[in-house]
Amino acid sequence: MPSSPESSRTVPPGALRTPVLGAFLEGWRRVFAAPVVVVSVLAATFLFALPMAALLRGSIAAHLGSSLEADAAATGWNAGWAAEFEAQAKGLERTFTFEILGFGGTMATLSRFLDNESLNPTLVIAIGAYITLWVFLSGGILDRLARGRPVRTSAFFSACGTYFVRFLRLAVIVGSAYWWLFSWLHPFLFQTLYNRWTRDMTDERDALALRGALYLVFLVALGLVSLVADYAKVRAVVEDRRSMISALLASIRFIRRRFFRTTGLYLLNIFAVIVILRIWLSAAPSATAAPWLALLVAQVYLLVRLWAKLAFMASETVFFQGELAHAQYTAAPEPVWPDSPSAEGLDNLARRP
Amino acid sequence: MVAAALAHLSVLEPLPSASQNPPARSPGNASYRIRAVLDPATHHILATGTLAWRNISRATVNELRFHLYWNAWRDATSSWMREQALAGNRGLARRPAEDFGGIDIGTLAIAGENLVNRARFIAPDDGNTDDRTVLAVPLQKPVAPGETVEVELGWTARVPRTFARTGRIGNYYFVAQWFPKIGVVTEDGWNAHQFHAATEFFADFGEYDVTVTVPRGWVVGATGKLVSTADGNPGGVQHRFVQADVHDFAWTASPDFIERRERFEEPGLPPVEMRLLLQPEHARQADRHFKATRAALKYYGTWFGAYPYEQITVVDPVTIFNPASQGESTGGMEYPTLFTAGTRLWAPTLGTQPESVTVHEAGHQFWYGIVATNEFEDAWMDEGLNTYSTARVLEAAFPNQFAATARYFGGLAGWAYPDVRWSRAIDGNRLNAFRPVASFENQATPTWKYWPGSAGAITYNKTALWLATLERTIGWNATRAILATYFRAGAFRHPTPREFFALASEVMGQNLDWFFDAVHRSSATFDYAVAQVTSAPAAGGFTHTVVVRRIGDGVFPITVRVTCEGTVRLLNWDGADRWKAFEVLDTAPITKVEVDPDRVLLLDVNYTNNSWTARPRAAEAASKWAMRWLNWAQELLLTYAFFA
C-alpha cells in the first residue's frame, strides 16, 4: 500500500486549505472540459433504458392497434385509453402511467426513493445493472477527472478495468451501509418514530414539519455514507489504493479533519442539483409537446444532471488533490499504461525543479 | 328514443321551485330527545333520552329493534370488522385496545319497566353470534298500527379512535350513530340489518331535540339548528340543537375549529345559512368549501328540488395523513343538515379535493337526507345517484378546472398533472375503478351481501355510469325529469328501487325495463369491439364488410358509424348476438369504423377496441410515449444511481 501523503506530511505549505467554492468551480470546469465523458455516460444511460422502452413501445402499439384512440394518444395524453392500457398491463407495462409526465415524474421518483417504496421488479433489475455499470465506469471517470486532461479511450477503459474489482469490493461494503440505512434506519424513522409521533397529531402542518425533519435525518445519514464512499473512491484512484478498507478509513480521516469543508462542498453540489431540478420544473415539456422536442429537452436536462453528478465527483477529486498537494501531478506528460495516476503524479513531482 | 323522450317532456309538470309549496314533510314517527355529556378525559359520552316511536306499518309490532352501531368497533369479531378483513383491511383488527369503542345500554324502559335484561343481540344477516350491532327488545305490550310507544333510554358510549369517519382523534370528536337507533318497520317486518363494512344506514324520520355538553371553549356543530347554549354547568357548556324531519343526528366538537359563516342565496331557491367548521391549517380553503357547497345547493336545488332546511353545517375533519397510527379515514360523510368534507394542507387548485367531496356530501342532503332510501339493501340509490349528480355539478360549476393529482412524500405533498384533464364521463363517474370489478355483482343484490372489496365500485361507480348512459340515451332533460320527479315523490320517504324504475318508465312514457335489466339486474360486463374490416372490389366501387363483436356478456343496442372517405353511415344493431356483419357498398375506400361513436354505453369496459381506422397512428403514439417513458426511465436510473 502506498504511503498516504496525508500521513507522511509531505504536503507543501500553502496548499493546505483548498477553497470549497474553488474546488466546486474547478470540478465543473473539468467536466466541461470532458464533454466526451458526459455525453458517453448519457448515451450509456440512454442505451441502457432503450430496450425497455422498445418493449413498451411494442406493447403500446399492439394495444392501440388500428384504434382511433391512437389519434388522441399521438397528440396528447389520452387518459381514457391510458387507463385501459393500465388495466391490462403486465410487468414493465405497469410503469406506464401519467406519473411519467413532466416534473411530476421527477417528484414521483424522488418520493418513491425517499419513502423506500417497492419498485417494479424489471426496474429493480435494471437499476441493479445500471449501478454495476456505474461501478465499472467510476474508475475511468475519476481517473479522467483527476488528471484534468483528455486520455485515450483505451486508457479510460483500462482505468475502468483496473478499479472495477476494487470498486465492486467497495460497493459491497458501502452497499451494506446503504442496505442498513434502508432496511433499519428508514423503518425506524418513518414507521416507528413517525407512527409514534403522529398518533395524536391533528394538524397536518406538524406532520409536514416532522416528516421533513425525518427526511433530513435520513438524507444526512445517506449523505454521510455517500461522502465517505466518494472520498474512498477518490483516494483509491488518486493514490492507487488496492485495499478498499484502507481507502474507506483514509476517507473517514480525510473528512474528519476537514468536516465543514467537505460537507460544505457536498452541500454546494447538492444545491447545484436542486437548482437544476428547479429549472426542470419550469422547462419540463407538456404531454402535447412534439415528441422530438420533448426528447431533446429531456436529454438536455439529463445531460445537465449527469454533468452535475460528474462535477460532484470532480469537485471532490479537486478538493482532495488540492488538500494533499497533488494538484500538480495531473499535468503532462501523457501517461503510458500501466502507469497509474499516482505513479504519474509522483513522476511529475520528481521532475519539479 | 331521444326524440320520444323529449316529446314526452313537453307534457311533464314543471320542476318544483321555491315559489311552490315545499314537498310534504315526513311521517316523523321516530323522534328523540337526548341529553348527552362528552367527557374528553375518558372519551366517554353519558347520555339519557326518550324515543317516541310510532308504528306506521299495518302490522302489530311485538318487539323493538335497535341499531347499536358502535358495537361494530368493540372488538375484531363483529361482522363489520370481519368484512373489513375480507376486503383486505386486516390492520384494523390489530389496532390497540384503546382505539376501540362501543355502546352499553343501562336503561331501556317502557312505562317505567326496564327491559334491558330481556333484550338480546341478534344477527339476522349472517348469524354471527359475536355481532352486537342489533338489539332486539321483546315488548310486554305489542304496539298496534298507528300507536306510539315512548322509550326511556340511558347509555354510555365509548368514543372509538376513528372508524368509518366516526370517533375521535386528539381533541377532534365526530359523533355519529352514537345512540340506540330504532330500526325501520316495513310491511315485511323489521328492516334492521347488522352493521356491515359495505353499507351505511337506514332510519325513520323524526324530530331530534338534542343537548350536548362539552368543555368550555369547544366549538360544536350538529344536525339541526342551534337553539340555545347554556354555561355554568360543571361539565361544561350545553348546546341544544333541534331539527324536525330528519332521520339521524350527528355532532362534532373540537376546541380547534375555525368557524366561518356565509349565506346561500340563489334566485328561485330558499336561502340557506352555511356554517363551516375548519381545521386551522385549512383556513385558506374556506372559499373552496363554500363555493362547492353553493354549487351543490344551487344545482341539486335547480335540477331536482330545493333544499328544505334553513341551515347546513360543513365540517372539515382532522386529516388522516398516517392511517397506520392515527386511525381510519375521517373523510367525507353525510348526515342530515351536516356533513364532513375533507381536504389536505397541500391541495393543488387543479385537484378535485376538497370540491368533489364537498359537492358529493352536500349532495347527499338530497339523495339520502331527503330521499331516505334503504342503504343496507339499496345503497346504489343514494350513493350511485349522488355520484352521478356530483360529477354533473362538478362539470357545471367548475368547467375545465380539474386535472389528475397524486400525492407524494408520505402523502403530504399533492401534485397536479395538468395534462391529464378530469372528465365527467370517465373520472366523475369513476369508470377506471369500476372496470376491474365490473362483473363482480348483480347490482340488484342487497348491498350488504356484496363482496366488501368491490362493493364501493358496484354501488357508486356502476350506478353513476349507467345513469350517465341513460342520460346519453334519452338526453339530459329527460334524465333530469326522471330524477326530479323521483325526488319529489321520494322526499321524506323511503322509496324502493321498484318505485324508481316504475317512475322512470312513467316519466318517459315507455317501459325502460330493458335498460334496467341490462345495467342493474345483471352482473354482465359490456364490451363491444370492431372485430374485422375487409374490402373487396365491386362494380363501381367496393364492398366493405365490417364485423362487430360482442365480447362481454352484456347486451345493449349499439350504433356503428362507418366512414368511407367523406361518406358517413350510421348502422344500428340490437347488440344481442355475439357478432354482426355489416356490408357497405361505396365508391370510396373505407376509412373509419366506430362502434358506439358517441360513447353512449359508458359501461363498456374497453373502448379502445371500439374503433378501426385505415390510417392508424398507433406507431406514432407508441413512439411518442415510449420516448417519454425512456426519458423517465433514464431519470429513474440516474436518481437511484446517484449515490453509486
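Residues numbered from 1 in each chain as written. Chains lettered and ligands numbered in written order. Predicted model: local features only at pLDDT ≥ 70, side-chain atom pairs only at ≥ 80, totals over all residues.

Turning to the overall build of chain B, a few remarks are in order. Across its full length, chain B holds 12 helices and 32 strands. Against the 2.2 N^0.38 benchmark of 26 Å for 644 residues, chain B shows a C-alpha radius of gyration of 27 Å, consistent with a compact globule. The principal-axis extents of the C-alpha atoms in chain B amount to approximately 95 × 70 × 50 Å. Out of the 644 residues belonging to chain B, those deemed buried represent 53%. In chain B, 71% of the contacts between residues at least 6 apart in sequence involve partners at least 24 apart. (Helix = DSSP H or I, 4+ residues; strand = E, 2+ residues; numbered from the N terminus. Rg over C-alpha atoms; globule rule 2.2 N^0.38 Å. Buried ≥ 20, exposed ≤ 12 C-beta atoms within 10 Å, placed from the backbone. Contact = placed C-beta atoms within 7 Å.)

Time to look at the overall build of chain A. The number of helices and strands found in chain A is 13 helices and 0 strands. Starting at the N terminus and walking to the C terminus, you meet the elements of chain A as α-α-α-α-α-α-α-α-α-α-α-α-α. Put simply, of all contacts in chain A between residues at least 6 apart along the chain, 75% involve residues at least 24 apart.

Moving on, we get to the pairing of strand 21 (residues 311-315) of chain B. The side chains of a regular strand alternate between both faces of the sheet. Residues and elements named next belong to chain B. Counting buried positions along strand 21 gives 5 out of 5 residues, so the element sits mostly inside the fold. Residues Gln 311, Thr 313 and Val 315 of strand 21 are buried on one face, and the alternating residues Ile 312 and Val 314, pointing to the opposite face, are buried as well. In the sheet, strand 20 (residues 269-278) pairs with strand 21 via 5 bridges, with the strands oriented parallel. Of the residues in strand 21, the one forming a bridge with Met 274 is Ile 312. Running through helix 3 (residues 286-303), the crossover from strand 20 to the neighbouring parallel element strand 21 is left-handed. (Pairing = 2+ DSSP bridges. Right-handed = clockwise from strand over helix to strand, strands pointing away.)

By size, the foremost hydrophobic cluster in this structure holds 166 residues, and its most contacted members are Val 175 and Ala 296 of chain B. Considering each element in turn, this core owes the most residues, 11 residues, to helix 8 (residues 455-474) of chain B. If we skip the residues at most four places from it in the chain, Ala 296 of chain B touches Val 359, Ala 362, Gly 363 and Val 393 of chain B. Grouped together as the second largest cluster of nonpolar side chains are 102 residues, Phe 24 and Val 135 of chain A together with Trp 629 and Tyr 640 of chain B included. (Core = buried A, V, L, I, M, F, W, Y, C linked by C-beta atoms within 7 Å.)

Our focus in this paragraph is the environment of Gly 183 of chain B. Residues and elements named next belong to chain B. Residue position: Gly 183 is located in the loop between strand 11 (181-182) and strand 12 (184-186). Sequence separation of Gly 183 and Ile 312 is 129 residues, and the distance between their C-alpha atoms is 25 Å. Ignoring sequence-local partners within four residues, the contact set of Gly 183 consists of Arg 65, Phe 66, His 67, Trp 190, Asn 191 and Ala 192.

The next subject is the packing of helix 2 (residues 20-32) of chain A against helix 12 (residues 291-323) of chain A. All names here are of chain A. Running from amino to carboxyl end, helix 2 crosses helix 12 at an angle of 125°, the nearest separation of the two axes being 7 Å. The pairing of helix 2 with helix 12 is recorded here as oblique in orientation. Remark: the crossing between helix 2 and helix 12 carries right-handed chirality. Residue-level contacts link Ala 23, Phe 24, Glu 26, Gly 27, Trp 28, Arg 30 and Val 31 of helix 2 to Trp 307, Leu 310, Ala 311, Ala 314, Ser 315, Val 318, Phe 319 and Gly 322 of helix 12. Partitioning the contact of helix 2 with helix 12 into residue classes produces 10 nonpolar, 3 polar and 2 charged. (Axes fitted to C-alpha atoms, helices over the stretch in contact; angles between N-to-C directions. Parallel < 35°, antiparallel > 145°, perpendicular 65-115°, else oblique. Left-handed = near helix turned anticlockwise from the far one by under 90°. Nonpolar A, V, L, I, M, F, W, Y, C, P; charged D, E, K, R; others polar.)

All names here are of chain A. Residues with a pLDDT of 70 or more make up 87% of chain A, whose mean pLDDT is 89. Across chain A, the element-wise mean pLDDT spans from 42 in helix 1 (residues 5-8) up to 97 in helix 4 (residues 69-75). Residue range residues 1-15 is modelled with pLDDT below 50. Its contacts to residues more than four positions away, or to other chains, number 25 contacts. Confidence drops under pLDDT 50 across residues 327-335; counting only partners more than four residues distant or on other chains, this segment forms 17 contacts. (pLDDT = per-residue confidence, 0-100.)

Across the boundary between the two partners, chain A contributes 79 residues, which contact 69 residues of chain B. For the side of chain A that touches chain B, the secondary-structure elements that each account for two or more residues are helix 3 (35-64), helix 4, helix 5 (79-88), helix 6 (102-114), helix 7 (121-147), helix 8 (153-198), helix 9 (204-238) and helix 12 of chain A. Broken down by element, the side of chain A that touches chain B gets its largest block of residues, 14 residues, from helix 3 of chain A. Each residue belonging to the side of chain A that touches chain B can be placed in one class, and the counts come to 48 nonpolar, 17 polar and 14 charged.

Below, the discussion takes up unusual backbone geometry. Residues and elements named next belong to chain B. A cis geometry characterises the amide bond from Gln 353 onward to Pro 354, with omega recorded as 15°. Along the chain, the position of Pro 354 falls in the loop between strand 23 (338-340) and helix 4 (355-363). For Gln 177, which is not glycine, the phi torsion reads 55° and is therefore positive. Summarising the element assignment, Gln 177 is placed in the loop between strand 10 (172-175) and strand 11. Its 23 C-beta neighbours within 10 Å are what place Gln 177 among the buried residues.

All names here are of chain B. The antiparallel open sheet is built from 4 strands, whose spatial order is 29-28-31-32. Both edges of this open sheet fall to strand 29 (567-573) and strand 32 (611-613), since each of them pairs with a single strand only. Strand after strand, the sheet turns through a mean of 10° between neighbouring axes, direction not considered.

Residue and element names in this part refer to chain B. In this structure, strand 1 (residues 30-39) lies alongside strand 2 (residues 44-54), joined through 10 bridges in antiparallel fashion. Bridge pairing links Ala 36 to Ala 47 in strand 2. The hairpin formed by strand 1 and strand 2 contains 4 residues between the paired strands, and His 43 there has a positive phi angle of roughly 60°. In terms of strand pairing, strand 1 meets strand 14 (residues 206-214) through 6 bridges, oriented parallel.

Moving on, we get to helix 10 (residues 497-508) of chain B. All names here are of chain B. Its 12 residues place the ends of helix 10 17 Å apart at the C-alpha level, agreeing with the 16 Å of an ideal helix rising 1.5 Å per residue. What helix 10 keeps buried is the set Phe 500, Ala 504, Val 507 and Met 508. Considered in projection along helix 10, the buried side chains sweep an arc of 90° and stay on one side of the axis. Following helix 10 by one or two positions, Gly 509 adopts a phi angle in the positive range, close to 70°. (Expected span 1.5 Å × (residues − 1). Arc of directions from axis to C-beta.)

Residues and elements named next belong to chain A. Across the interface, helix 8 lies against helix 10 (residues 244-257) with an axial gap of 9 Å and an inter-helix angle of 65°. Seen from above, helix 8 lies across helix 10 with right-handed handedness. Every residue of helix 10 that contacts helix 8 at Arg 166, Arg 169, Leu 170 and Ile 173 is listed here: Met 244, Ala 247 and Leu 248. Grouping the constituent residues of the contact of helix 8 with helix 10 by class yields 5 nonpolar, no polar and 2 charged.

Residues and elements named next belong to chain B. Its place among the elements puts Ala 230 in strand 16 (residues 225-233). Using a count of 11 C-beta atoms within 10 Å as the deciding quantity, one classes Ala 230 as exposed. For the pair Ala 230 and Arg 240, spaced 10 residues apart in sequence, the C-alpha separation works out to 8.5 Å. When neighbours within four sequence positions are excluded, Ala 230 is seen to be in contact with Val 237 and Gln 238.

Residue and element names in this part refer to chain A. For helix 10, built from 14 residues, the straight-helix expectation of 20 Å at 1.5 Å per residue is met to within 8% by its first-to-last C-alpha distance of 20 Å. For helix 10, the set of buried residues is Met 244, Ala 247, Leu 248, Ala 250, Ser 251 and Phe 254. Within helix 10, the buried residues cover an arc of 165° as seen down the axis, which keeps them to one side. Exposed residues pointing more than 90 degrees away from the buried face of helix 10 are listed as Ile 245, Arg 256 and Arg 257.

Attention now moves to the sheet that holds strand 26 (residues 528-538) of chain B. Pairing between the strands of a sheet is mediated by backbone hydrogen bonds and can be parallel or antiparallel. Residue and element names in this part refer to chain B. Strand order in the open sheet formed by 3 strands is 26-27-30, with antiparallel pairing between adjacent strands. The two strands at the open ends of the sheet, each matched to only one other strand, are strand 26 and strand 30 (579-586). Geometrically, the sheet is characterised by an average inter-axis angle of 15° between neighbouring strands, direction not taken into account. Pairing between strand 26 and strand 27 (residues 541-550): 10 bridges, direction antiparallel.

Before going further, it helps to spend a moment on the environment of Asn 191 of chain B. Residue and element names in this part refer to chain B. In this fold, Asn 191 is placed in strand 13 (residues 189-191). Residue Asn 191 is classed as partly exposed on the basis of its 17 C-beta neighbours within 10 Å. As a C-alpha pair, Asn 191 and Arg 161 span 30 residues in sequence and 29 Å in three-dimensional space. The contacts of Asn 191, once residues within four sequence positions are left out, are Gly 183, Val 184, Thr 186, Phe 202 and Asn 374.

Our next topic: the confidence of the model for chain B. Averaged over all residues, the pLDDT of chain B equals 94, while 96% of them reach at least 70. Across the interfaces of the predicted complex, the ipTM metric reaches 0.90, alongside a pTM of 0.91.

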